[in-house]
Amino acid sequence: MKLLRLQIGAELRILARNGEQLLLILGIPMLLLAFFSNVEILPTGGQESVDFLLPGIIALAVMSTSMVSLGIATGFERSYSVLKRLGATPLGTWRLVLAKAVSVLVIEIVQVILLIAMATAFGADLTSLHLGKLVAAITLGTMGFSGIGLSLAGRLRGEINLAAQNALYLVLLLIGGVVFPLQELPTALHWIGRISPSGALADVMRDVFSGSSLHGASSLAVLLCWAVVGQLTAIKLFRWS
Amino acid sequence: MSSATRSQHEGVSVSQLVIAYGSTKAVDHVSFQALPGRVTVILGPNGAGKTSTIEACEGFTTATSGTIRVLGLDPSTQRKQLNERMGVMLQDGGIYPSSRVGELVAQYCALYGNKIDAASLVAQVGLASVSATTYRRLSGGEKQRLSLALALAAQPDVIFLDEPTSGIDVNGRDLVRSIIRDLRQRGCCVVVATHELDEAERIADDVLIFHRGTIVAAGTLEELRAGREEIRFTSQSLVDTQSLATTLGFAVEQTRQNEYTVAGTSDARVIVQLTDWAKANNVNIGDIGAGSQRLDEVFRRLTAEAKS
């Protein structure tokens, strides 16, 4: 545990020093929320824009921070031989993978607090917010997406990793119903979306903020599966050099 | 355990190592031993197989065939145990640009269970004054010394140093040599890969010369130089090496600009013949020296022989 704590600290220090990256991670979802909450161009089905957007924006933030940002940053670490150097220490693969996941989880908690604060300022209705489910969804989503991001970064060469992270992000964004409900997709895609990590996360997020149990435990179970499979795959596939 | 058995178990032992990338063999049936309490220098031009061999010993590259034991452990299957006792200095640093010197050394010392005090280690490598500086702002020599500090954080029983003095100024080199001497003195097995022959000559106990994936020579410096006497001299004017060789009865060759060697002898009588020939031919010669071949000459000869 000591080595894990140590590495989490090191990961957070590196993240905190990469000001530009941090600004993008925190800034883009806030900018999207601010823009689309105030410029009513999205079909919201009668809901207030901010209420419609908040669950999807949080899901999008979790995806982009824990998969794309982490995956690309890890790719850079490979190109600087940082991973190779760490590979010759007693740290071990599982601690590195978990430390990276936990460090992005910390950033996401800050991110979600900022997003909720901003949404509140825009008049969001948070009376039905289920905090426990929100924490569970963010934690499981982070574990799943960071596992996917690190699986790619742990195997692929720098340029291919960069392209793969972005391409996968786009696919998951489209099939996951992050910006629109999954029910609006064709049936086949709807079911693929439902078992995708992005679809499950978006479903849980809508439940979290609407107070409904439309998707019940099934989406959380899907997220749990992705969290376990993602982390194990990342540990299995990860290469130091 | 006898000292011979201990040496076998606590150093590096490589037997019939083959590393192939597709159809290309980067390392071809290489065998050697590096012993504790000695500095083994791996010499070779780029692409000779030095880095592949070292990376296989560190556990980063999988051997196609052959066996490797480092401190008696198999690096591919017992890496965890090995990492706790092994120091590694990478040629390309392996440090994130925004990492601060003091923090990073402290992190690495903690990863190894704080066997060594981080502040002392920073001071030992001469970086105390830049302890709060980020890696990207360090000079080339400071970067190398930081990389060395990370390798020392393990308080290692075996240490692999890849080009440890590359880009380091004279004072920095003295410091690195002094650290290597200390490591050797406390019984650490030191393996250094370099292409800097002068540096190798200063620090090596044992030398392995790699060329095209094989070892073309191995032994102590004395063994490699044995029977390789020569007379060296300089001349600002061009020397007719054929005429001089005929006069002396030994081969003469130009080794560098204005530098010549008479191979195979260090006899004072030949030196007298040489100065007589120079006078008679109006050739100004200077800096005459005699003795064993320098390592760079040994290296040049062996790699040329391997080519032919």
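None of these values were measured; they are calculated from a predicted model.

Cut-offs used in this document
- Residues numbered from 1 in each chain as written.
- Chains lettered and ligands numbered in written order.
- Predicted model: local features only at pLDDT ≥ 70, side-chain atom pairs only at ≥ 80, totals over all residues.
- Buried ≥ 20, exposed ≤ 12 C-beta atoms within 10 Å, placed from the backbone.
- Helix = DSSP H or I, 4+ residues; strand = E, 2+ residues; numbered from the N terminus.
- Contact = placed C-beta atoms within 7 Å.
- Pairing = 2+ DSSP bridges.
- Axes fitted to C-alpha atoms, helices over the stretch in contact; angles between N-to-C directions.

Let's shift gears to helix 4 (residues 101–111) of chain B. Taken across its 11 residues, helix 4 of chain B has 8 buried, putting it largely inside the fold. At its buried positions, helix 4 of chain B is contacted by helix 1 (2–17) of chain A together with helix 5 (118–124) and helix 6 (140–152) of chain B. Note on helix 4 of chain B: the residue one or two positions beyond its end, G113(B), has a positive phi of about 80°.

Bringing the environment of A217(A) into the picture now. With respect to the element layout, A217(A) can be found in helix 10 (residues 216–237). For the pair formed by A217(A) and V112(A), sequence separation is 105 residues and the distance between their alpha carbons is 22 Å.

The next thing to look at is the sheet that holds strand 3 (residues 39–43) of chain B. Residues and elements named next belong to chain B. Pairing within the open sheet is mixed, and its 6 strands lie in the order 5-6-7-3-8-9. Two strands lie at the open edges of the sheet, namely strand 5 (86–89) and strand 9 (214–220), each paired on one side alone. The average angle at which neighbouring strand axes cross in this sheet is 15°, direction not considered. Pairing of strand 6 (residues 158–162) with strand 7 (residues 189–194), which is carried by 5 bridges, proceeds in the parallel orientation. Bridge assignment links D162 to a residue of strand 7, and that residue is A193. Packing of helix 2 (residues 50–58) onto the sheet brings it into contact with strand 3, strand 5, strand 6, strand 7 and strand 8 (206–211), and relative to strand 6 it is tilted by some 150°.

Attention now goes to the sheet that holds strand 11 (residues 252–256) of chain B. All names here are of chain B. The strand order across the open sheet built from 4 strands is 11-12-10-13, with neighbouring strands paired in antiparallel fashion. A strand with exactly one partner marks an edge of an open sheet, and here the two such strands are strand 11 and strand 13 (285–292). For this sheet, the mean angle separating the axes of adjacent strands, direction not counted, is 25°. Across 4 bridges, the pairing between strand 11 and strand 12 (residues 259–263) is antiparallel. From the neighbouring strand, V252 faces strand 12, where its bridge partner is V262. The strands touched by helix 10 (residues 241–248) within the sheet are strand 11 and strand 12, with strand 11 carrying the most contacts at an inclination of about 130°. Running over the sheet, helix 11 (residues 268–280) touches strand 10 (229–235), strand 12 and strand 13 and is turned about 25° from strand 10.

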